[in-house]
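Examination of the molecular architecture
What follows is each chain in one-letter form.
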Amino acid sequence: MSILLRQLAPMLRPKGKESFLCSLTADARVLDVGCGNNSPVRAKACAPDIHYTGLDIGDYNQVTGSISSADEYLIALPEDFAAAIERLEGCFDAVVSSHNLEHCNEPDRVLRAICGALRSGGRLYLTFPSEASTKLPNRPRNTLNFHDDPTHTRPPKLTDVLAQLQAGGLTVDRLTERHRPLLPLLAGLLLEPVSILTRRAMPFGTTWALYGFETVIWARR
């Protein structure tokens, strides 16, 4: 499975999370900030030899066995979330934060802590809804418009995020303001009539790719 993912990820989503994980060295220490939706088991399928630490505010949407796939699994209260990351300063070769900032009580503090958690030469994978997502069609099931998700706080502003990364000593390697990978985009186009009828964003990020829902950043210290 891991070999197949390493082969397919760069083709399907060359700037996606799986591609990022597959690009890491085998012994990398990785912090996954906001590790719901089966992230532990999915990360280990991509990169089985990394040391994976997941951090979240609860066991969100985890299949049986996903949590046990993590080498370390940490839970923090929402009000202590940023502080929990701050306590991990300088501990990681890579940090993944996929659609986490927009759910945080203190997104700016969380992003500063994420930057601080990276060692020298460490790498960051960061995604969040694009600023344009506030004007996209509503798909209450699975979210397309930013406001479809009641747990969203405020849309991250790209210029502010980039300024924080620079202040945290990071250099951006890759930036896509509205990520639209070709193959998922084409699938999203085919599935769009179903998406409209069901008011549901289609699986595997296909509707997101069609509309350019997310901003994707790869950076390094």
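Given the structure is predicted, the values throughout are model-derived calculations rather than measurements.

All chains considered together, the criterion is met by 4 aromatic pairs. Where Tyr-125 meets Trp-218, the ring centres are 6.4 Å apart and the plane angle is 75°; that geometry is what we call edge-to-face. Of this pair, Tyr-125 sits in strand β5 (residues 118-129) while Trp-218 sits in strand β7 (residues 214-220), placing them 93 residues apart in sequence. Residue class for Tyr-125 comes out buried when judged on its relative accessible area of 3%. Cluster of aromatic residues (ring-pair linked, three or more members): Phe-20, Tyr-125 and Trp-218. Over the aromatic face of Trp-218 sits the side chain of Arg-174, whose NZ or CZ is 4.1 Å from the ring centroid.

Remark: helix α6 (residues 107-117) packs on helix α7 (residues 158-167), axes separated minimally by 9 Å, with the N-to-C direction vectors making an angle of 35°. Handedness of the α6/α7 crossing: right-handed. Contacts from Asp-108, Leu-111, Arg-112 and Cys-115 in α6 reach Val-161, Gln-164 and Leu-165 in α7. In the contact of α6 with α7, the residues fall into 4 nonpolar, 1 polar and 2 charged.

Among the secondary structure elements, Glu-102 is positioned in the loop between β4 (92-98) and α6. For the pair Glu-102 and Gly-212, spaced 110 residues apart in the sequence, the C-alpha separation amounts to 17 Å. Non-local contacts of Glu-102, meaning those with residues more than four positions away in its chain, are made with Thr-127, Phe-128, Pro-129, Phe-146, Thr-151, His-152, Thr-153, Arg-154 and Pro-156. Side-chain polar atoms of Glu-102 contact the side chain of His-99, separated by 3.1 Å.

Let's shift gears to the sheet that holds β5. Read from one edge to the other, the open sheet built from 7 strands follows the order β3-β2-β1-β4-β5-β7-β6, with strand pairing classed as mixed. Looking at which strands have only one partner, the edges of the open sheet turn out to be β3 (72-75) and β6 (171-176). Each strand axis lies, on average, 15° off the axis of its neighbour in the sheet, ignoring direction. Of the strand pairs in this sheet, strand β2 (residues 51-56) and β3 are connected by 4 bridges, and their pairing is parallel. If you follow Gly-54 over to β3, its bridge partner there is Tyr-73. α6 rests against β1 (29-33), β4 and β5 of the sheet, and its axis sits at about 145° to β5. Here α7 sits on the sheet and contacts β5, β6 and β7; the angle it forms with β7, its principal contact strand, is near 10°.

Inspection of every chain in the model, using the stated rule, returns 10 salt bridges. Across the pair Arg-154 and Asp-108 runs a salt bridge whose closest N-O atoms are separated by 3.3 Å. Of the two residues, Arg-154 sits in the loop between β5 and α7 while Asp-108 sits in helix α6, which places them 46 residues apart along the sequence. Classification of Arg-154 as partly exposed rests on a relative accessible area of 41%. For the salt bridge of Arg-139 with Glu-192, the shortest nitrogen-to-oxygen distance reads 3.0 Å. Residue Arg-139 is located in the loop between β5 and α7, and its partner Glu-192 is located in helix α8 (residues 182-198); the two are separated by 53 residues in the primary sequence. Exposure class is identical for Arg-139 and Glu-192. Each is buried.

Thresholds, definitions, all that
- Residues numbered from 1 in each chain as written.
- Predicted model: local features only at pLDDT ≥ 70, side-chain atom pairs only at ≥ 80, totals over all residues.
- Heavy atoms only, no water.
- Phe/Tyr/Trp six-rings, centres within 6.5 Å; stacked < 30°, edge-to-face > 60°.
- Helix = DSSP H or I, 4+ residues; strand = E, 2+ residues; numbered from the N terminus.
- Buried < 20%, exposed > 50% of the residue type's maximum accessible area, 1.4 Å probe, protein only.
- Lys NZ or Arg CZ within 6 Å of the ring centre and 35° of its normal.
- Axes fitted to C-alpha atoms, helices over the stretch in contact; angles between N-to-C directions.
- Left-handed = near helix turned anticlockwise from the far one by under 90°.
- Contact = heavy atoms within 4.5 Å.
- Nonpolar A, V, L, I, M, F, W, Y, C, P; charged D, E, K, R; others polar.
- Polar contact = N/O pair within 3.5 Å; in protein donor to acceptor, adjacent residues only side chain to side chain.
- Pairing = 2+ DSSP bridges.
- Salt bridge = Lys/Arg side-chain N within 4 Å of Asp/Glu carboxyl O.

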